[in-house]
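If you want the building blocks of each chain, they are given just below.
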Amino acid sequence: MTGVTTFETMGTVVSLRGATPEAASEVRAVFAGHDHRYSLYDPSSVLSRIAAGSLRLADAPAEVRDVYALALEWRERTGGAFTPHRPDGVIDLSGVVKALAIRGAGDVLDAAGCADWMISAGGDVLVRGHHRGDEPWSVGVVDPAHRETVVGVIRLDAPRRAVATSGTAERGEHIWRRTATTFVQATVVADDIVTADVLATAIVAGDEDDLRRVTSDGGVDVLAFGADGRVWATPGARRAVHGAEQPTATEPTSTEPTATAPTGTEPTTTAP
C-alpha cells in the first residue's frame, strides 16, 4: 500500500491512504472542483453568486441545481432535521457537498485500480477493501466531553464502508438546530458516505424523535451523545463501544437506539 497524502480543502484536512500519486492528484482536483462551485467563502463560486443575487438559481449549472434537489430530498426524508437553508434563507449545500466530493474521490480511486484505500475528511471516512491483509479499516470514536478518550472503534466491513461524525466539540455550534440541544455528537455508519454525513447532521440538529426516525429501518448504525450525558446506540454501534457486554439470546432484536444515563465522568453506553 502507498503512503499517506494530506491536503487542505473545504476548511478541513483530507487524509488519503492507498492512492497512487497520479490518483491522489485527481482526488485533489475533485475536492477543488466542489469547493470552487459550492463555497460560500469564495465570492466567485456559483453559490456565492446566488446568495449575492447576481445569479438566479434557475440559471445555475444543472449540476448545482441537482445537488440542491438532492439536499431538498434529504430535508424531506429527515422530516426537516436536515436543511440546505441557513436561518437567513441563504442556500448552503455544505451539508452534502463534502460527502459528494468524498464519493467522487472514491470513484476516482476505484477507476485507477486502487484496491485498498481510505479517504478521511473532517470527520467523514470512506473506505474500500482492507487495511492490512484481511484486517478491515477501523475508525475511532472519541468522547465529545473528553477528546483524549476513544470510546469505541468502528470496523468498516462491506457493505458498511462509510462513517461520519457530526458535533460541536471541535468547531463549536455550527449546526442549525430546529429544537433545543438534544445531541452534541452523532456518529453514523452506513453503506454510503452521503447517507452517513446527512444523517449525522440531522441527528445533531434534531431530537430523540429524529434519531428514532432515521434508525427505524435498521439501515444505519448510530452512536449519539446527548447533551444530558446519555449515550444512545443502535445494536450494531453498541458492539463497537468499549465495555459493552456481548448480546444475549434473551434480549430483543429491535433496531431502535437505546440509551443509558451516565455514571461519573466515564463514557457510558447500554449493553446490547
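Looking at the pattern of salt bridges
Evaluated as defined, the whole model comprises 13 salt bridges. With a shortest N-O distance of 3.4 Å, Glu-63 and Arg-37 are connected by a salt bridge. Residue Glu-63 is located in helix H3 (residues 62-77), and its partner Arg-37 is located in helix H1 (residues 21-38); the two are separated by 26 residues in the primary sequence. Judged by relative accessible area, Glu-63 falls into the partly exposed class, the value being 38%. Close ionic contact of Asp-110 with Arg-128 constitutes a salt bridge, the shortest N to O distance being 2.8 Å. Note that Asp-110 is positioned in helix H4 (residues 94-111) and Arg-128 in strand E4 (residues 124-128), a separation of 18 residues in sequence. Overall, Arg-128 belongs to the partly exposed group, its relative accessible area being 29%. If you follow the salt bridges from partner to partner, you end up with Glu-208, Asp-209, Arg-212, Asp-228 and Arg-230 in one network.

Describing the confidence of the model for the protein chain
Detailed reading of the predicted coordinates is not advisable wherever pLDDT falls low. In this model, the protein chain carries an average pLDDT of 85, and 83% of its residues clear a pLDDT of 70 or more. With pLDDT under 50 throughout, residues 261-272 is counted as low confidence; its partners more than four residues away or in other chains account for 33 contacts.

What to know about the packing of H4 against helix H5 (residues 193-205)
At their nearest, the axes of H4 and H5 sit 8 Å apart, and the two run at 155 degrees to each other. The angle between H4 and H5 places the two elements in the roughly antiparallel class. Every pair of crossing elements has a handedness; the one defined by H4 and H5 is right-handed. Where H4 abuts H5, its residues Gly-95, Val-96, Lys-98, Ala-99, Leu-100, Ile-102 and Arg-103 lie against Ile-193, Val-194, Asp-197 and Val-198. The residue makeup of the contact of H4 with H5, split by class, is seven nonpolar, one polar and three charged.

The rules behind each value
- Residues numbered from 1 in each chain as written.
- Predicted model: local features only at pLDDT ≥ 70, side-chain atom pairs only at ≥ 80, totals over all residues.
- Heavy atoms only, no water.
- Salt bridge = Lys/Arg side-chain N within 4 Å of Asp/Glu carboxyl O.
- Helix = DSSP H or I, 4+ residues; strand = E, 2+ residues; numbered from the N terminus.
- Buried < 20%, exposed > 50% of the residue type's maximum accessible area, 1.4 Å probe, protein only.
- pLDDT = per-residue confidence, 0-100.
- Contact = heavy atoms within 4.5 Å.
- Axes fitted to C-alpha atoms, helices over the stretch in contact; angles between N-to-C directions.
- Parallel < 35°, antiparallel > 145°, perpendicular 65-115°, else oblique.
- Left-handed = near helix turned anticlockwise from the far one by under 90°.
- Nonpolar A, V, L, I, M, F, W, Y, C, P; charged D, E, K, R; others polar.

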